[in-house]
Amino acid sequence: MLVSGLETLLEVLDPVEAEAFLRKRVKPLIMEFQYRWDQCGLVFGFAAPERSFEVTVADEEVLFLRRDGKRVHLSFALWDGSTTLDVTRLVRDEPQTGRRITVGYHVARIS
């Protein structure tokens, strides 16, 4: 299932409010989805470029970098986990430059 609109929410709400929304509204939706349809995938679509996401080295956390420079903590708000334990970075090789780019992140299951 493809879900759009989350990017707009993250841009419009204050970062603290956005993280609370993710924790209180989106995470329960994810939990219910994986309980009811455990053989299906849930994809949150973003139009933002690769540079709009950051994986911190120290905390191993995925952040969304808003246009105003503020950060929204995605990994702790959505799946309470670190990137190395819970997330697989999805990449593809860009034919023009030969550079490997991140196209998304996969979380198999949250608890």
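What counts and how
- Counting from 1, residues in each chain are numbered in the order their sequence is written.
- Note on the predicted model: pLDDT of at least 70 is required for a residue's local features to be given, and 80 or more for side-chain atom pairs to be given and counted; whole-chain, interface and lining totals, by contrast, use all residues.
- Just so you know, side-chain values use all the structure's heavy atoms and leave hydrogens and water out.
- Each helix is a run of DSSP H or I of at least 4 residues and each strand a run of E of at least 2, with the numbering of both proceeding from the N terminus.
- Both definitions apply: the radius of gyration is a C-alpha atom measure, and the globule rule equals 2.2 Å times residues to the power 0.38.
- Any residue under 20% of the maximum accessible area for its type is buried, any over 50% is exposed, and the rest in between are partly exposed; the area is computed with a 1.4 Å probe on protein chains only.
- All accessible-area figures derive from a Shrake-Rupley calculation using a 1.4 Å probe, and residue coverage is judged against the displayed protein chains alone.
- The sign given to each residue is positive for Lys and Arg and negative for Asp and Glu; His and the chain ends receive no count.
- Just so you know, the charge point we use is NZ for Lys, CZ for Arg, CG for Asp and CD for Glu.
- Working rule for helices: expected span equals 1.5 Å times residues minus one.
- Bending is quantified residue by residue as the angle between axes fitted to the seven-residue window ending at that residue and the seven-residue window starting at it.
- Here, two residues are considered to be in contact whenever any of their heavy atoms come within 4.5 Å of each other.
- As used in this structure description, the phrase polar contact means that two N or O atoms lie within 3.5 Å; if the pair is within protein, one of them must be able to donate a hydrogen and the other to accept it, and residues adjacent in sequence are counted only when both atoms belong to side chains.
- Only when DSSP finds a minimum of two bridges between them are two strands counted as paired.

Asker: I tried to follow the overall build of the protein on my own but got confused; where do I start?
Answerer: A count of helical and extended segments in the protein gives four helices and seven strands. The order of α-helices and β-strands along the protein, N terminus first, is β-α-α-β-β-β-β-α-α-β-β. For 111 residues, the compact-globule estimate of 2.2 N^0.38 gives 13 Å, and the C-alpha radius of gyration of the protein, at 14 Å, lies within 12% of that figure. If one aligns the C-alpha atoms of the protein with their principal axes, the spans along those axes are about 40 × 35 × 30 Å. In the protein, which comprises 111 residues, the share counted as buried stands at 35%. Summing over all exposed atoms, the protein offers an accessible surface of approximately 7400 Å²; the carbon and sulfur share of this is 54%. When the 15 basic and 17 acidic side-chain charges of the protein are each reduced to a single mean position, those positions are 3 Å apart.

Asker: Explain helix α2 (residues 15–36) to me, please; I cannot follow it from the model alone.
Answerer: Count 3.6 residues to each turn of an α-helix, and residues three or four apart come out pointing the same way. Compared with the 32 Å implied by 1.5 Å per residue over 22 residues, the 30 Å span of α2 between its first and last C-alpha is a close match. By the largest-angle criterion, L22 marks the main kink of α2, which is about 35 degrees. Its buried side turned inward, α2 meets α1 (6–12), β2 (43–44), β5 (71–73) and α3 (74–79). With a side-chain oxygen positioned 3.1 Å from the backbone nitrogen of V16, the residue opening α2 is D14.

Asker: What am I meant to see in the side chain of S75 here?
Answerer: Tracing the backbone shows S75 in helix α3. A distance of 3.1 Å separates the side chain of S75 from the backbone nitrogen of V62, its partner in a polar contact.

Asker: How should I be thinking about the pairing of strand β6 (residues 87–93) in this particular structure?
Answerer: Two faces make up the sheet, and in a regular strand the side chains alternate between them. Pairing analysis gives seven bridges linking β6 to strand β7 (residues 100–107), with the strands arranged antiparallel. Bridged to R92 within β7 is I101. The antiparallel pairing of β6 with β7 creates a hairpin that spans six residues between the two strands, and G98 there sits at a positive phi of about 75 degrees.

Asker: I'm lost on the environment of R71 in this one. Help?
Answerer: By the element assignment, R71 lies in strand β5. Given a relative accessible area of 40%, R71 falls into the partly exposed group. Separated by 55 residues in sequence, R71 and V16 have C-alpha atoms that sit 9.5 Å apart. In this structure the side chain of R71 is engaged in a polar contact, spanning 2.9 Å, whose partner is the side chain of E54.

The analysis is restricted to geometry; functional conclusions fall outside its scope.
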